[in-house]
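Residues per chain are reported as follows:
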Amino acid sequence: MPRMFAAHGTLDLFVKDQILRLEGTGPWNLESLDESGELADPMIEELIKQPWAVLVILHGECIYVHEAGQRLTEIVRKEKTQNRVATAILVNDCDSPNFAQQHIGAIYKNADEKFEFFDNEDSAEIWLKQQLAAVVKD
């Protein structure tokens with residue numbers, strides 16, 4: 001389907017230790033979410049074979065336009081049926097970190113995702129590895 005608008009927002013992705021790492025600068029619209037989904041699909045195809053988690057590091061104007069926020073909620077819900085365990089989020093480099101926590105938090109809460117906000121990558125990764133280990137033990 002043709003895109004209505006140019007994508008805004010950037011997103012870089014890579015996988016390490018069953019953790020999909022997403023680092024991006026917003027704001028993000030539906031088109032940018034679709035583009036990043038196309039990049040993530042092959043990575044997720046490999047991840048879903050066992051429990052996996054997501055580390056999100058956001059910069060700039062950390063907001064998803066309404067339609068993109070709704071789509072992200074749908075994506076997370078679907079991925080939860082594909083062994084996605086939890087999401088750790090860093091928003092301290094956002095223009096308005098408190099707003100970003102409320103806005104991004106609402107998206108993940110609507111998706112019934114287990115998520116936490118962190119101040120640094122090390123503590124976020126430790127928490128994600130704990131979430132993965134807990135699922136593997138069960």
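Now for a description of the structure that goes with this document.

Reading the values: rules and limits
- Residues numbered from 1 in each chain as written.
- Predicted model: local features only at pLDDT ≥ 70, side-chain atom pairs only at ≥ 80, totals over all residues.
- Heavy atoms only, no water.
- 1 Å grid on protein atoms, 1.4 Å probe; cavity = no way out; pocket = protein on both sides within 12 Å on 5 of 7 lines; lining within 4 Å.
- Points joined across faces, edges and corners; volume = space filled by probe spheres on them.
- Helix = DSSP H or I, 4+ residues; strand = E, 2+ residues; numbered from the N terminus.
- Nonpolar A, V, L, I, M, F, W, Y, C, P; charged D, E, K, R; others polar.
- Pairing = 2+ DSSP bridges.
- Axes fitted to C-alpha atoms, helices over the stretch in contact; angles between N-to-C directions.
- Buried < 20%, exposed > 50% of the residue type's maximum accessible area, 1.4 Å probe, protein only.
- Contact = heavy atoms within 4.5 Å.

1. A closer look at the layout of surface pockets
- When its volume is computed, the largest pocket comes out at roughly 470 Å³.
- As for the largest pocket, its lining consists of 25 residues, and the residues nearest its centre are Gly37, Ala40, Ile44, Ile75 and Glu79.
- Listed by contribution, the elements that provide at least two residues to the lining of the largest pocket are strand E1 (10-16), strand E2 (19-28), helix H1 (30-47), strand E3 (52-64) and helix H2 (66-80).
- The element best represented in the lining of the largest pocket is H1, accounting for nine residues.
- Here the lining of the largest pocket is composed, by residue class, of 14 nonpolar, three polar and eight charged.

2. Regarding unusual backbone geometry
- Across the junction of Gly26 and Pro27, the peptide omega takes the value 15°, indicating a cis bond.
- With respect to the helices and strands, Pro27 occurs in strand E2.
- Located in the positive-phi region is Gln18, a residue other than glycine, with phi close to 60°.
- If you trace the backbone, Gln18 turns up in the loop between E1 and E2.
- We note that Asn83 has phi near 75°; this positive angle belongs to a residue other than glycine.
- Position of Asn83 relative to the elements: it lies in the loop between H2 and strand E4 (84-94).

3. Side note on the sheet that holds E2
- With mixed pairing, the five strands of this open sheet are ordered in space as E1-E2-E3-E4-E5. The sheet terminates laterally at E1 and strand E5 (115-117), the two strands that pair on one side only. Neighbour-to-neighbour, the strand axes of the sheet open up by a mean angle of 15°, direction not taken into account.
- Here E1 runs beside E2; their pairing, made up of seven bridges, is antiparallel. From the neighbouring strand, Phe14 faces E2, where its bridge partner is Arg21.

4. Here's the deal with the environment of Ile104
- Considering the arrangement of structural elements, one finds Ile104 in helix H3 (residues 97-110).
- Residue classification places Ile104 among the buried residues on the basis of a relative accessible area of 1%.
- For Ile104 and Tyr64, which are 40 residues apart along the polypeptide, the C-alpha to C-alpha distance reads 8.1 Å.
- In this structure Ile104 touches Leu58, Cys62, Tyr64, Ile89 and Phe117, once residues within four positions along its chain are discounted.

None of this, on its own, says anything about what the molecule does.
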